[in-house]
Amino acid sequence: RLRSASSCGSPAVAAMAPRWAAAALPSAALLLLPLLLAVASAGLSGYFGTKSRYEEVNPHLLRDPLSLGPAAAGSRLPAACAPLQLRALLRHGTRYPTAGQIRRLGELHARLLRRPAAAAAGCPAAADLAAWQMWYEESLDGRLAPQGRRDMEHLARRLATRFPALFAARRRLVLASSSKHRCLQSGAAFRRGLGPSLSLGSDEVEVEVNDSLMRFFDHCAKFVALVEENDTAMCQVNAFKEGPEMRKVLEKVASALCLPVEELNADLVQVAFLACSYELAIKNVTSPWCSLFSEEDAKVLEYLNDLKQYWKRGYGYDINSRSSCILFQDIFQHLDKAVEESKSSKPISSPLIVQVGHAETLQPLLALMGFFKDDEPLKANNYVRQMHRKFRSGRIVPYAANLVFVLYHCDQVKTSKEEYQVQMLLNEKMMFFHHSNETISTYADLKDYYKDILENCHFKEECALPKVNITAVDEL
């Protein structure tokens, strides 16, 4: 049976509970423009969830997109340690809305355009939005935006600066990606960002498509049937949409647009909020859509987004994270190989492995490893208690999010176990390992801590559907 962090009290849910404009400005103003725009949107920009700019987690990049920032200072290993392998899992860069989001935004915008002129005259917010140009076309459907290419190019350059020995000339780069266009383009942009730093014979590196690792969730029948395509799995999300916090936001937005509240719903309000986020991320402008929301509204809408991520990609159901063990095990298989090659004094065959996927790739993996887990599950009725939650998707998996494993070989150590050590970085910041509360671990200790997942999580078995008629099961 499908085990969940908390049930909505519905028999169906209990049954499916899983086991687990700038060119004309003077140059000085150009330099200040990103800061001015950031200030203009500061009240909302920290609450856009998975639609957040990467700069929200690394604000120093607004000033200098190639700066390593304060987090890089003091995080170096002793001089006797040399990096052997870097494994980077990236979320694609800033993207356009999906076709479905574009359709819903178009419907909302068309509704404002149909309003009588007399009614619009007394409603400045609605008038501003009616004048806003609906420039999104469905053909954009989640494709990588120009800013997304810059996200990847700049990230590549920063990683190369931080780990120069690994990104030096004649080092082999293995580049893989999800089959989605935005991921393939992100991989190509990452390679371009490295420029001539890797002498690989040409500037082009073939990007291997690997959906079995980057989109493992599509290949997990239990996840697809019991979570992805099961409406009752999102009962906490749906309950919050109908709850008092969202009702307050709904009424406020309806009032601002001079629309009857019955003409709006939580999904349309969320689309308006996302329009604000997209304009900032893609165009670096404060959209008129942002005027509909206060910071308090933004917190509520962020929680709605986080609820969905929690129940669909995080700790809500164990199958969400257990389905990622195929990727987790692959990471350690390559680390194992590098250790073996080093012990045999052989060249490291894959010193650089970069894979581009989605928020849905990274979030389950981080949950599998136990990061950002709150003591209490995120639910529809505990919004206030979760104000200081660890699980904030915008801080974990914004656009261009990256999880990096770095394996080191260290000389001058006291024991053989200390010879191979590991660091993990999330969004270029060192992570503290659970077992040590330190930012560095011996490779042996790390493997021992995750021994159960490495040895006992079998993708096929985890993802096999129960041999029962799921819709007929109603036991608790």
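Up top you'll find the structure we're talking about.
Residues numbered from 1 in each chain as written. Predicted model: local features only at pLDDT ≥ 70, side-chain atom pairs only at ≥ 80, totals over all residues. Heavy atoms only, no water.

### Here we look at the overall build of the protein
Now for step 1: In terms of helices and strands, the protein carries 21 helices and 8 strands.
Now for step 2: In the protein, which comprises 476 residues, the share counted as buried stands at 54%.
Now for step 3: Surface exposure of the protein reaches about 20,800 Å², of which carbon and sulfur atoms provide 52%. (Helix = DSSP H or I, 4+ residues; strand = E, 2+ residues; numbered from the N terminus. Buried < 20%, exposed > 50% of the residue type's maximum accessible area, 1.4 Å probe, protein only. Areas by Shrake-Rupley, 256 points an atom, 1.4 Å probe, with all protein chains shown as cover.)

### Digging into the state of the cysteines
Now for step 1: One pass over the structure, following the stated rule, counts 5 disulfides.
Now for step 2: With a sulfur-sulfur separation of 2.0 Å, Cys81 is cross-linked through a disulfide to Cys410. Handedness of the Cys81-Cys410 disulfide follows from its S-S torsion of about 110 degrees: it is right-handed. With Cys81 in strand E1 (residues 81-91) and Cys410 in strand E5 (residues 402-410), the pair connects residues that are 329 residues apart, well separated along the chain.
Now for step 3: Sulfur-sulfur distance for the disulfide between Cys123 and Cys258 comes to 2.3 Å. Of note, the bridge from Cys123 to Cys258 carries an S-S torsion of about 105 degrees and is right-handed in sense. Residue Cys123 is found in the loop between helix H5 (117-121) and helix H6 (124-131), and its partner Cys258 is found in the loop between helix H12 (244-256) and helix H13 (266-283); the two are separated by 135 residues along the sequence. (Disulfide = S-S within 2.5 Å.)

### What about the packing of aromatic side chains?
Now for step 1: Inspection of the entire model under this criterion finds 20 aromatic pairs.
Now for step 2: For the ring pair Tyr303 and Tyr383, a centre distance of 5.3 Å and an interplane angle of 70 degrees mean the geometry is edge-to-face. With a gap of 80 residues between them, Tyr303 in helix H14 (residues 295-312) and Tyr383 in the loop between helix H17 (359-368) and helix H18 (393-396) connect regions that are remote in the sequence.
Now for step 3: For Tyr383, a relative accessible area of 5% gives the class buried.
Now for step 4: Summarising the aromatic geometry, the rings of Tyr310 and Tyr315 are spaced 6.4 Å apart at their centres and angled 50 degrees between planes, so their arrangement reads as tilted. There is no split in this pair, since Tyr310 and Tyr315 are both buried.
Now for step 5: Taken together, the ring pairs in this structure connect Phe328, Phe332, Phe405, Tyr443, Tyr449 and Tyr450 into an aromatic cluster. (Phe/Tyr/Trp six-rings, centres within 6.5 Å; stacked < 30°, edge-to-face > 60°.)

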